[in-house]
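Coordinate inspection notes
Each chain, letter by letter, is given below.
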Amino acid sequence: MAGQGKIKEELLSELAQLRRQITRLQHAETERRQVKIALRESEDKYESIARAAIEGIYHADGEGRFVFVNDACTRILGYDRDELLGKHYSIIIPEAGIPMATEITRAAAQGDPQKGEFILKHKQGHGVPVHFSMVALGSPGERAGLTGIIQDITERKRAEEALQKARDELEMRVAERTMELELANEELRAEMVEREDAERALRESEEKYRNVVERANDMVAIVQDNLIKFVNQRVVDMAGYAPEEVICTALSQHIAPEERPVVMERYARRVAGEDVPPRYETTLFRKDGTTVDVEINAGVIMYEGRPADLVIVRDITERKKAEKALRESEERFRALIENAFEGIAILNADGIAVYASPAIERIAGIPSEEAVGKRLIELVHPDDRARFQENFTLAMREPGALVTGTYRALYANGRWHVVETTARNLIDDPKIGGLVLNFRDITERREAEEKAKEAEMLKEMCQLRGDLLANVSHELRTPLTTIKGYATALMDDEIRFERDVVKRRLESIVEACDGLSELVGNLLDVSRLEAGMLWLNRVPTDLSKILREAISQARIRALDHRIVLRLPEELPAVNADPKRIRQVVDNIIDNAVKYSGEGTEVTVSVRREGKGVVVSIADQGIGISAQELPKIFDRMYRAKTSLAPKKEGTGLGLTIARGLVEAHGGRIWMESEEWKGSTCSFNLPIDAE
Ligand code: ADP
């Protein structure tokens with residue numbers, strides 16, 4: 001029973017609960033209805049707000065189809081509402097924007113509100129820039145509906161673009177302007193630098209000129225309206241004034257009175273613009289009243305806006321002195337030259353006289369003014385012209401050259417004078433620029449010299465003749481005495497001579513005759529040689545043979561001497577007259593024997609030398625002194641040492657030997673040392689013809 005009561009209670013409570021629940025449900029229904037009404041009202045309200053909104057508002061369902069679009073939306077996109085409702089939103093998205101639109105839509109559906117700018121596609125096809133915001137409708141999820149708000153921002157964009165453009169333009173203009181300004185600035189800066197440079201250059205130049213003017217050795221002054229406006233420090237030592245003492249004094253008062261008119265006239269004309277010589281000499285007054293010679297160099301300049309005279313004044317006292325000294329010296333030299341006994345001429349490179357001193361009239365018989373402009377070679381004897389020209393060329397060859405010569409020159413009276421000249425090349429000397437020819441007439445001197453020479457020769461000849469006569473007469477007399485003595489004795493009938501004695505005497509007579517014959521032969525040879533009438537009979541000759549024969553003969557003549565022959569292995573034949581060469585060799589060997597002591601040696605040797613053969617004959621005899629050595633080949637010359645009584649001779653042997661050797665185209669010479677010995681050598685050319 002209890003169970004039953006409980007169940008009843010439980011049932012009653014459940015019932016009560018159900019009633020309460022029903023009541024609550026009834027309430028809830030009412031509430032829900034009220035809410036629904038309120039909701040609808042609210043929805044309507046929002047819908048009408050949404051429809052009337054200026055911004056485009058749309059709803060899309062979970063499939064992305066439009067379920068609501070307001071007027072603004074259709075206006076913005078150009079569609080009617082019906083054309084949009086139920087359509088997928090991609091209708092208003094341009095092809096290129098679809099991926100992005102899908103992404104935005106997906107994010108918004110997932111509950112992530114989206115906002116931004118986007119370009120939608122107008123029904124006409126063109127793009128419409130919009131600002132959009134998009135949220136999920138209801139609870140977010142894959143397939144949530146969406147609501148979006150779009151705002152046409154075409155105008156704003158346009159405005160923005162216009163603004164941007166305006167801004168860009170502005171910026172561009174600013175950039176341009178900035179550039180212009182920078183350029184202008186740059187120019188200005190350059191101009192400023194230039195101006196500064198110019199100013200500095202000007203300053204430096206001014207300083208330089210001031211320095212030049214102040215340090216100048218010359219006095220510098222500026223004269224305007226005849227008044228001295230400026231003067232440099234040099235006025236102190238040139239005129240004895242301080243610069244400030246002369247400023248604003250008249251120029252004329254400082255010039256010597258006699259020169260004042262000329263200087264002032266020139267000054268006036270120059271300032272007036274006339275062409276006046278800028279340089280001239282004048283005399284200035286010093287402060288102490290003395291004068292100073294000056295050279296003025298003036299020119300017109302602008303000074304303080306008006307023309308003025310710039311005057312440079314140079315002290316020429318020293319120059320004047322030097323000029324005077326030079327003039328005097330020049331006059332002195334001129335007087336010396338013009339009155340000199342010697343003639344002086346200056347020849348140019350063509351041999352034409354550009355100056356001739358008056359002495360030329362005395363020497364060549366033509367006045368100096370006629371000589372000037374003439375080729376001096378024309379005055380020279382035709383036979384001497386080649387030599388004159390040769391010497392002239394030689395002298396012209398190098399500056400400073402000195403050439404002397406002697407020529408015959410035609411004197412006006414038709415006689416030839418002998419003129420001695422000395423030419424010095426002074427082509428390098430700007431004052432001369434030619435050949436200085438000193439010349440003197442040496443005709444008289446020459447004549448006197450010739451006469452003296454002739455007299456000397458005559459004397460010598462007389463002497464020689466005397467010597468010759470003395471020698472020859474002695475040489476002749478000795479054999480003649482022998483001949484006559486023996487012959488006379490043999491003729492004496494009273495005396496009966498032994499056969500032997502007769503033979504010896506007759507031999508002596510023959511020997512004396514041979515000596516005489518040799519002497520006569522020598523005399524003839526000398527005269528033939530001197531007359532150039534000695535003929536040679538030249539054939540290829542073996543010298544060694546001649547020498548061998550000569551020596552074997554000589555050994556017989558000189559039994560007390562050792563005569564040695566030294567021959568080379570080979571000796572070429574010479575083209576010679578064998579007889580004459582033998583004569584030469586005999587003569588030299590005989591001399592060697594004659595002028596050396598008994599028991600000494602005489603060496604005959606031969607050697608090749610160059611294109612010739614040299615024969616030397618050396619002895620160990622008395623030798624010849626150095627003073628006499630050069631004379632022993634002279635005709636009839638005999639050295640003192642050889643004049644001892646036993647040494648007989650005529651002094652003709654070596655003269656003949658020299659004549660013969662030279663006739664063969666050879667040379668003969670003697671080397672000797674007194675008391676030691678002599679060596680006489682001669683050479684003969686191998687290829688002599
Ligand atoms: P001479 O008949 O006097 O010998 P030469 O003409 O032969 O005449 O010689 C001239 C002079 O030369 C001689 O008188 C002598 O003084 C000197 N003389 C020549 N040969 C020699 C020599 N070998 N030694 C020294 N003196 C010499």
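All chains use their own residue numbering, which begins from 1 and follows the written sequence. pLDDT decides what is reported in this predicted model: residues at 70 or higher carry local features, side-chain atom pairs at 80 or more are listed and counted, and totals for whole chains, interfaces and linings draw on all residues regardless. Excluding hydrogens and water, the side-chain figures rest on all heavy atoms present in the structure.

1. Details of the overall build of the protein
Heads up, the condition is: Segments assigned H or I by DSSP are reported as helices when at least four residues long, segments assigned E as strands when at least two residues long, and all are numbered from the N terminus. Computation of the radius of gyration draws on C-alpha atoms, with the globule rule given as 2.2 Å multiplied by the number of residues to the power 0.38. Buried, partly exposed and exposed residues are distinguished by accessible area as a fraction of the type maximum, computed with a 1.4 Å probe on protein chains only: under 20%, between the cut-offs, and over 50%, respectively. Using a 1.4 Å probe, the Shrake-Rupley method yields the accessible areas, and only the shown protein chains count as cover for residues. Positive charge is attributed to Lys and Arg, negative charge to Asp and Glu, and no charge count is given to His or to the chain ends. Just so you know, the charge point we use is NZ for Lys, CZ for Arg, CG for Asp and CD for Glu.
If you tally the helices and strands in the protein, you get 17 helices and 22 strands. In summary, the protein has a C-alpha radius of gyration of 75 Å against a globular reference of 26 Å for 689 residues, an excess of more than 25%. Dimensions of the protein, computed from the C-alpha atoms along their principal axes, are close to 255 × 105 × 55 Å. Out of the 689 residues belonging to the protein, those deemed buried represent 33%. When the accessible area of the protein is evaluated, it comes to approximately 43500 Å², of which 54% is carbon and sulfur surface. One way to put it: in the protein the 100 positive side-chain charges average out to a point 3 Å from where the 120 negative ones average out.

2. Some words on the packing of helix α15 (residues 543–557) against helix α16 (residues 578–594)
Applied cut-off: Here an angle of 0 to 180 degrees is reported between the N-to-C directions of two axes, which are lines fitted to C-alpha atoms, with helices fitted over the stretch in contact. If an angle is under 35 degrees, it is roughly parallel; if it is over 145, roughly antiparallel; if it lies from 65 to 115, roughly perpendicular; otherwise it is oblique. By convention, the crossing between two helices is left-handed when the near helix turns anticlockwise from the far helix through less than a right angle, and right-handed when the turn is clockwise. Contact criterion: two residues are considered in contact whenever any of their non-hydrogen atoms come within 4.5 Å of each other.
Relative orientation of the contacting elements α15 and α16 amounts to 40 degrees, with a least axis distance of 10 Å. Taken together, the axis directions place α15 and α16 in an arrangement best described as oblique. The hand of the α15/α16 crossing is right-handed. Counted together, L543, I546, L547, E549, A550, I551, Q553, A554 and R557 of α15 and P578, I581, R582, V585, D586, I589 and D590 of α16 form the full contact between these two elements.

3. Some thoughts on the packing of aromatic side chains
Cut-off, in case you're wondering: By convention, a stacked pair of Phe, Tyr or Trp rings (six-membered ring in the case of Trp) has centres within 6.5 Å and planes under 30 degrees apart, an edge-to-face pair has planes over 60 apart, and any other such pair is tilted. To sit over a ring, a charge needs its Lys NZ or Arg CZ within 6 Å of the ring centre and within 35 degrees of the ring normal.
This model, assessed by the stated rule, comprises three aromatic pairs. Relative to F132, the ring of F118 lies with its centre 6.3 Å away and its plane at 90 degrees, an arrangement referred to as edge-to-face. Of this pair, F118 sits in strand β3 (residues 114–121) while F132 sits in strand β4 (residues 127–137), placing them 14 residues apart in sequence. A cation over a ring is seen here: R266 above Y280, with NZ or CZ 4.4 Å from the ring centre. Across from the ring centre of W669, 4.3 Å away, lies the NZ or CZ of R667, which sits over that ring.

4. Details of the nonpolar core
Selection criterion: Each nonpolar core is a collection of buried residues, namely Ala, Val, Leu, Ile, Met, Phe, Trp, Tyr and Cys, held together in the definition by side-chain atoms within 4.5 Å.
With 43 residues, the main nonpolar core has I563, I589, I617, I668, M670 and F682 as its most contacted residues. Among the secondary structure elements, those contributing two or more residues to this core are α15, β18 (574–576), α16, β19 (601–609), β20 (612–618), α17 (653–663), β21 (667–673) and β22 (677–685). Sort the elements by how many residues they give to this core and α16 lands first, with seven residues. Setting aside residues up to four positions removed in sequence, I589 forms contacts with I551, A554, I563, V604 and I617. Among the nonpolar cores identified, the runner-up in size contains 25 residues, and I93, F118, V128 and A136 belong to it.

5. Topic: helix α8 (residues 260–271)
What counts is decided by this rule: By this rule the span expected of a helix is its residue count minus one, scaled by 1.5 Å. Arc definition: it is the arc formed by the directions from the helix axis to the C-beta atoms.
Look at α8: 16 Å from first C-alpha to last across twelve residues, which is about the 16 Å you get at 1.5 Å a residue. Taken together, the buried positions of α8 are occupied by V263, M264, Y267 and R270. Down the axis of α8, the buried side of the element spans an arc of 130 degrees, and every buried residue falls inside it. For α8, the secondary structure elements touched by its buried residues are β6 (219–224), β8 (279–285), β9 (291–303) and β10 (306–315). Directly beyond the C-terminal end of α8, a positive phi value near 95 degrees is found at G273.

6. Remarks on the sheet that holds β20
Under the convention used in this document: Two strands qualify as a pair provided that DSSP identifies no fewer than 2 bridges between them.
In spatial order, the strands read β17-β19-β20-β22-β21; together these five strands make up an open sheet with mixed pairing. Single-partner strands in this sheet number two, and they are β17 (562–566) and β21. Neighbouring strand axes in the sheet, compared pairwise and without regard to direction, differ in orientation by 15 degrees on average. Here β19 pairs with β20 via seven bridges, running antiparallel. Among the inter-strand pairings, V604 is bridged to a residue of β20, identified as I617. Lying on the sheet, α15 is in contact with β17, β19 and β20; it crosses β17 at an angle near 170 degrees. The strands touched by α16 are β17, β19, β20, β21 and β22; relative to β22, the strand with the most contacts, the crossing angle is about 170 degrees.

7. So, the pairing of β6
Within a regular strand, side chains alternate between the sheet's two faces. Counting buried positions over the six residues of β6 gives six, a clear majority of the element. What you see with β6 is no split at all: M219, A221 and V223 on one side and V220, I222 and Q224 on the other are buried throughout. In this sheet, β10 lies alongside β6 in antiparallel orientation, the contact comprising five bridges. Along β10, the bridge assignment pairs I222 with L310. In this sheet, strand β7 (residues 227–231) lies alongside β6 in antiparallel orientation, the contact comprising four bridges. Bridge pairing in β7 links I222 to F230. The turn linking β6 back onto β7 is made up of two residues, and D225 within it adopts a positive phi angle of 50 degrees.

8. Section: the pairing of strand β2 (residues 66–69)
In this sheet, β2 lies alongside strand β1 (residues 56–60) in antiparallel orientation, the contact comprising three bridges. For A60, the partnering residue across the bridge sits in β2 and is F66. Counting the residues between successive antiparallel strands, the hairpin from β1 to β2 contains five residues, one of them, G64, with a positive phi of roughly 90 degrees.

9. Quick notes on the environment of I104
Structurally, the position occupied by I104 is in helix α4 (residues 98–109). Between the C-alpha atoms of I104 and V212, which are 108 residues apart in sequence, the distance is 93 Å. In this structure, I104 is in contact with Q114, F118, F132 and M134, ignoring residues within four places of it in sequence.

10. With respect to the pattern of salt bridges
How we decide: The salt bridge definition used is simple: a Lys or Arg side-chain nitrogen within 4 Å of an Asp or Glu carboxyl oxygen.
Tallying each qualifying case throughout the model produces 44 salt bridges. A salt bridge links K157 to E160; the nearest nitrogen and oxygen atoms lie 4.0 Å apart. Here K157 pairs with E160, and both are found in helix α5 (residues 154–215), just three residues apart, close to one helical turn. Via salt bridges that share partners, R279, E281, E295, R319, K320 and E323 belong to a single interconnected network.

11. So, the side chain of E628
The test is simple: Pairing of N or O atoms within 3.5 Å defines a polar contact, subject to two protein rules: one partner must be a possible hydrogen donor and the other a possible acceptor, and residues neighboring in sequence count only if both atoms are side-chain atoms.
By the element assignment, E628 lies in the loop between β20 and α17. Engagement of the side chain of E628 in a polar contact is seen with the side chain of Y637, the distance being 3.0 Å. Look past the residues within four positions of E628 in its chain and what remains in contact with it is Y637, R638, A639 and K640.

12. With respect to the side chain of S616
Within the secondary structure, S616 is located in strand β20. Overall, S616 belongs to the buried group, its relative accessible area being 7%. Ignoring sequence-local partners within four residues, the contact set of S616 consists of T603, V604, S605, R607, T679, C680 and S681.

13. Side note on the sheet that holds β1
Reading across from one edge, β2-β1-β5-β4-β3 is the order of the five strands in this open sheet, with antiparallel pairing throughout. Two strands lie at the open edges of the sheet, namely β2 and β3, each paired on one side alone. Averaged over all pairs of adjacent strands, the angle between their axes in this sheet comes to 30 degrees, without regard to strand direction. Strands β3, β4 and β5 (145–152) of the sheet are contacted by α4, whose axis makes an angle of about 25 degrees with β4. Set on the sheet, α5 makes contact with β3, β4 and β5; between it and β4 the angle comes to about 130 degrees.

14. Structural notes on the environment of K611
Residue position: K611 is located in the loop between β19 and β20. Along the primary structure K611 and P685 are separated by 74 residues, whereas in three dimensions their C-alpha atoms are 6.0 Å apart.

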